[in-house]
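One letter stands for each residue in the lines below.
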Amino acid sequence: MKIYEIGTGYTPIPAQVAAATESVVEELTKSYIEMEQLVEIIDVSAPKRAKHNLPITEVKVPSFFTKDDVNLGFVHKIKRVVYSVALSFKLKKLLKSEDEKVVVHFHNQYNLFFFLKIVPKRFRAKALIAYTNHNGMWSKNWNDVKDVLHKRYFQEIYAMKNADLVFVLNDETRKNVVEQLGIEEKCVIKISNGVNTDVYCSVSQIDTEETKKRYGVNGKRVILQVGSVYENKGQARAVEILSPILKKRDDVIYAYVGGIVSQEYFESVCTTAEKLGVSDKVLYLGTAVPGTEMNKLYNIADITFFASEYEGFPLVCIESLSAGVPVVICSNLDINLGSGCLITSKEKTVNSIEEKVFSCSDEYQKLCLSARKNAEDNYSWQKIAQKYLTAFIEGEN
């Protein structure tokens, strides 16, 4: 049984910008290869694709649409449509030539929507059509988001209703998909994202000090937030929540890294820091290439901070855990990733950090060790890939 993993067209695989879904496709494929499972990535054409040894078949699109970007505006939507249409014709050709049933695993609503509309049913019958829902909106209370989902994500609703298997990343999304869309429970499977524990790991003290020096944070205790810069991720909220400890301790700074999706929001982060009198304690580190470069940044942190309003699955949190860096989760979301996490409320965040991280070195070291062990035991990509493979085999039968 061959598996086709479908790139979203957002940015080429391997991703050179922070792109969680592209990282998922890449790491699943690597794990399948290690398991000697036949797999191929179908991805947008890229004249400057990063070096790799992955089995990638390109879908040609006009060069204008092959640029890396994190801007989610009108051009981005057109790019998704152009790629999805071209992808559908590519998959039609591939399926036409297949003699045995294959798995086609989608990760984006546009991609699957156009596939279902363009590829004839007789060719679709040759595939087990799987869709992973990475959309954090589905994890929110249904009454709060139902209008938005029906208006903005009608393609995703159609895609999930017509897939053979729907994979979700959390219990809330599964509940909404089953109860509100009427999809059979047995066809909706919860599988979390994973982490490459070989890439995201502790580095030497010398390497850490060199990275700190490069970013000008030598001798500082670093609270790090990783994620695209826009309202949902909550960098401005983080500054507000952390401002008491930033004012109190000269050795503590808040640093954040990620592509700027909203320039207006980025400016609001700076304004919030200025109003609270902590501008000199708030540092934007720019973007980092996923993998070794990003791992170096995790390693300069004492803790990482998570404050998203909604999220399918916080990949950055398990990357942090894998690097042996505890995570402070300050969100209304029901997220518990296990050992190495401090789950706290807005009001108790500063005290939790003081007590668990900065005041007791022995307890902090235990927290770091438990974070790494948690990632190895529960979130390695090999374990996650095996869950997908089992679901594909059972779904085919």
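Preceding this paragraph is the structure being described.
Everything quoted here is computed from the prediction, not taken from an experiment.

Participant: Honestly, the overall build of the chain in this entry has me stumped. Any pointers?
Facilitator: Per the secondary structure count, the chain includes 15 helices and 13 strands. By the compact-globule yardstick of 21 Å for 397 residues, the chain fits well, its C-alpha radius of gyration being 21 Å. Its C-alpha atoms put the chain at 65 × 45 × 40 Å along the principal axes. Per-residue burial over the chain gives 57% buried out of 397 residues. Put simply, of all contacts in the chain between residues at least 6 apart along the chain, 71% involve residues at least 24 apart. By element, 49% of the accessible surface of the chain is carried by carbon and sulfur atoms, the whole surface being about 17,900 Å². Computed over 50 positive and 50 negative side-chain charges, the inter-centroid distance for the chain is 5 Å.

Participant: Would you take a moment to explain the sheet that holds strand S12 (residues 327-329) for this structure?
Facilitator: Two strands in a sheet stick together by hydrogen bonds in their backbones, pointing the same way (parallel) or opposite ways (antiparallel). In space, the 6 strands of this open sheet follow the order S10-S9-S8-S11-S12-S13, with parallel pairing throughout. The open sheet has two free edges, formed respectively by strand S10 (282-284) and strand S13 (341-343), since each of these has just one partner strand. Adjacent strand axes in the sheet meet at a mean angle of 25° when their direction is disregarded. Sheet topology places S12 next to S13; 3 bridges connect them, and they run parallel. Note on S13: the bridge partner recorded for Val328 is Leu342.

Participant: Sorry if this is basic, but what is going on with the packing of aromatic side chains here?
Facilitator: The description of two aromatic rings rests on the distance between their centres and on the angle between their planes. In total, this model carries 13 aromatic pairs according to the counting rule given. Summarising the aromatic geometry, the rings of Phe113 and Phe114 are spaced 5.4 Å apart at their centres and angled 85° between planes, so their arrangement reads as edge-to-face. According to the relative accessible area criterion, Phe113 is buried, its value standing at 13%. Look at Phe114 and you get buried, because its relative accessible area is 17%. Plain terms: the ring middles of Phe113 and Tyr158 are 5.5 Å apart, the flat faces sit at 70° to each other, and that makes the pair edge-to-face. Linking Phe113 in helix H3 (residues 109-118) with Tyr158 in helix H6 (residues 154-161), this pair joins segments that are 45 residues apart in sequence. For Tyr158, a relative accessible area of 29% translates into the label partly exposed. Through a chain of ring-to-ring contacts, the aromatic side chains of Phe113, Phe114, Phe154 and Tyr158 assemble into a single cluster.

Participant: I tried to follow the nonpolar core on my own but got confused; where do I start?
Facilitator: In summary, soluble globular proteins display a tendency toward joint burial of nonpolar side chains. Ranked by size, the top nonpolar core spans 41 residues in total, and within it Ile6, Leu91, Val104, Phe106, Leu112 and Phe115 carry the most contacts. Contact partners of Val104, with chain neighbours within four places excluded, come to Tyr4, Ile6, Leu91, Leu95, Ala127, Leu128, Ile129 and Ala130.

Criteria and thresholds
- Residues numbered from 1 in each chain as written.
- Predicted model: local features only at pLDDT ≥ 70, side-chain atom pairs only at ≥ 80, totals over all residues.
- Heavy atoms only, no water.
- Helix = DSSP H or I, 4+ residues; strand = E, 2+ residues; numbered from the N terminus.
- Rg over C-alpha atoms; globule rule 2.2 N^0.38 Å.
- Buried < 20%, exposed > 50% of the residue type's maximum accessible area, 1.4 Å probe, protein only.
- Contact = heavy atoms within 4.5 Å.
- Areas by Shrake-Rupley, 256 points an atom, 1.4 Å probe, with all protein chains shown as cover.
- Lys, Arg positive; Asp, Glu negative; His and termini not counted.
- Charge placed at Lys NZ, Arg CZ, Asp CG, Glu CD.
- Pairing = 2+ DSSP bridges.
- Axes fitted to C-alpha atoms, helices over the stretch in contact; angles between N-to-C directions.
- Phe/Tyr/Trp six-rings, centres within 6.5 Å; stacked < 30°, edge-to-face > 60°.
- Core = buried A, V, L, I, M, F, W, Y, C linked by side-chain atoms within 4.5 Å.

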